[in-house]
2 protein chains.
Amino acid sequence: MPLLSTEARRAALAGLSGWEETPSHDAIRKEFRFGDFQAAFAFMTRIALAAEKMDHHPEWTNVYNRVEIILSTHDAKGVTAKDIELAQAIEQAAR
Amino acid sequence: MPLLSTEARRAALAGLSGWEETPSHDAIRKEFRFGDFQAAFAFMTRIALAAEKMDHHPEWTNVYNRVEIILSTHDAKGVTAKDIELAQAIEQAAR
């Protein structure tokens, strides 16, 4: 899975509301907030199923109603099409 | 919910295998490793149900087969009996 070029990464991010590059540019991240823990964990469960199906998994932190998600492709040491695809699935899970 | 004294916190930790105080002593933490993401997320799901029932929630980060859990009681700004109770439930979920 090849790394996205800077241009391709930025073009993909332009289509993903609220996602941003990490300072080192080797990952993308977004923080989500929900009404409570139940809503946050329901969101995480939907993502877990999508991630397992794609065989591509997030790095994520949850504190009560907040979920921070960081996506990168470890083998490629940066952002690939897999991360964009998972970010799109996460956006769908957030709806 | 009162803060545990240093002695009470250490006595409780002595009964919780692998749990340690954070450097600032205002939380306890443990890292768990599983065979894969499915096993890690199944563990998280069991904890989510227990946490919701107790109305006391972890701060946790998952990366593939690893789950790092940090417990503290925000209102008390440190470790209380609620954190020990949740840590015990987490140990049960890990079995």
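Here is what the cut-offs are and how they apply
Residues numbered from 1 in each chain as written. Chains lettered and ligands numbered in written order. Predicted model: local features only at pLDDT ≥ 70, side-chain atom pairs only at ≥ 80, totals over all residues. Heavy atoms only, no water. Salt bridge = Lys/Arg side-chain N within 4 Å of Asp/Glu carboxyl O. Buried < 20%, exposed > 50% of the residue type's maximum accessible area, 1.4 Å probe, protein only. Helix = DSSP H or I, 4+ residues; strand = E, 2+ residues; numbered from the N terminus. Pairing = 2+ DSSP bridges. Expected span 1.5 Å × (residues − 1). Contact = heavy atoms within 4.5 Å. Core = buried A, V, L, I, M, F, W, Y, C linked by side-chain atoms within 4.5 Å. Buried area = accessible area lost by both parts, 1.4 Å probe. Polar contact = N/O pair within 3.5 Å; in protein donor to acceptor, adjacent residues only side chain to side chain. Nonpolar A, V, L, I, M, F, W, Y, C, P; charged D, E, K, R; others polar.

A. Inspection of the pattern of salt bridges at higher detail. All names here are of chain A. Inspection of the entire model under this criterion finds 12 salt bridges over all chains. Across the pair E20 and R29 runs a salt bridge whose closest N-O atoms are separated by 2.5 Å. Residue E20 is classed as partly exposed on the basis of its relative accessible area, which comes to 37%. Owing to a relative accessible area of 19%, R29 belongs among the buried residues under this scheme. Note that E31 and R33 form a salt bridge whose closest N and O atoms lie 3.5 Å from each other. Using a relative accessible area of 34% as the deciding quantity, one classes E31 as partly exposed. Residue R33 is classed as exposed on the basis of its relative accessible area of 59%. When salt bridges with common partners are traced through the structure, they connect R9, R10 and E21 into a single cluster.

B. Summary view of the pairing of strand β4 (residues 66-71) of chain B. All names here are of chain B. Side chains of β4 alternate between two faces, with V67, I69 and L71 buried and R66, E68 and I70 left unburied. Bridge count for strand β2 (residues 28-33) against β4 is six bridges, and the pairing is antiparallel. Paired with E31 across the bridge in β4 is E68. As paired strands, strand β3 (residues 59-63) and β4 are joined by five bridges and run antiparallel to one another. Opposite W60, over in β4, you have I69 as the bridge partner. Between β3 and β4, which follow one another and run antiparallel, lie two residues, and Y64 among them has a positive phi close to 50°.

C. Layout of helix α3 (residues 81-94) of chain B. Residues and elements named next belong to chain B. When the terminal C-alpha atoms of α3 are compared, their 20 Å separation across 14 residues agrees well with the 20 Å that a helix rising 1.5 Å per residue should span. Among the residues of α3, those classed as buried are D83, I84, L86, A87, A89, I90, E91 and A93. Lining the buried residues of α3 we find α1 (6-14), β2, α2 (37-54) and β4.

D. Quick look at the nonpolar core. W19(A), I69(A), W19(B) and I69(B) are the most contacted members of the largest nonpolar core, which has 51 residues in total. Beyond its immediate sequence surroundings of up to four residues, I69(B) is in contact with W19(B), I28(B), R29(B), K30(B), F32(B), F43(B), I47(B), P58(B), E59(B), W60(B) and I90(B).

E. Main features of the sheet that holds strand β2 (residues 28-33) of chain A. Strands sit in the order β1(A)-β2(A)-β4(A)-β3(A)-β3(B)-β4(B)-β2(B)-β1(B) across an open sheet of eight strands; the sheet is antiparallel. A single partner strand is all that each edge strand has here, and the edge strands are β1 (20-21) of chain A together with β1 (20-21) of chain B.

F. Fine view of the environment of I69(A). Residues and elements named next belong to chain A. Along the chain, I69 turns up in strand β4 (residues 66-71). With a relative accessible area of 0%, I69 lands in the buried category. Spatially, the C-alpha atom of I69 lies 9.5 Å from that of W19, the residues being 50 residues apart in sequence.

G. Expanded view of the interface of chain B and chain A. Residue-level contacts link 16 residues of chain B with 16 residues of chain A. When chain B packs against chain A, the two sides together hide about 1500 Å² of surface, and 69% of this comes from carbon and sulfur. It is F37(B), F41(B) and W60(B) that lose the most area in chain B upon contact with chain A, and together they represent 34% of the buried surface on that side. The interface formed by chain B and chain A contains zero salt bridges. Across the contact surface, chain B and chain A share three residue pairs in polar contact (both at pLDDT 80 or more). Among the elements of the structure, α2 and β3 of chain B are those that each provide at least two residues to the side of chain B that touches chain A. Examining the composition of the side of chain B that touches chain A, we find that seven residues originate from one element, α2(B), more than from any other. Classifying every residue of the side of chain B that touches chain A by side-chain character gives eight nonpolar, six polar and two charged.

On their own, these measurements won't tell you what the molecule is for.
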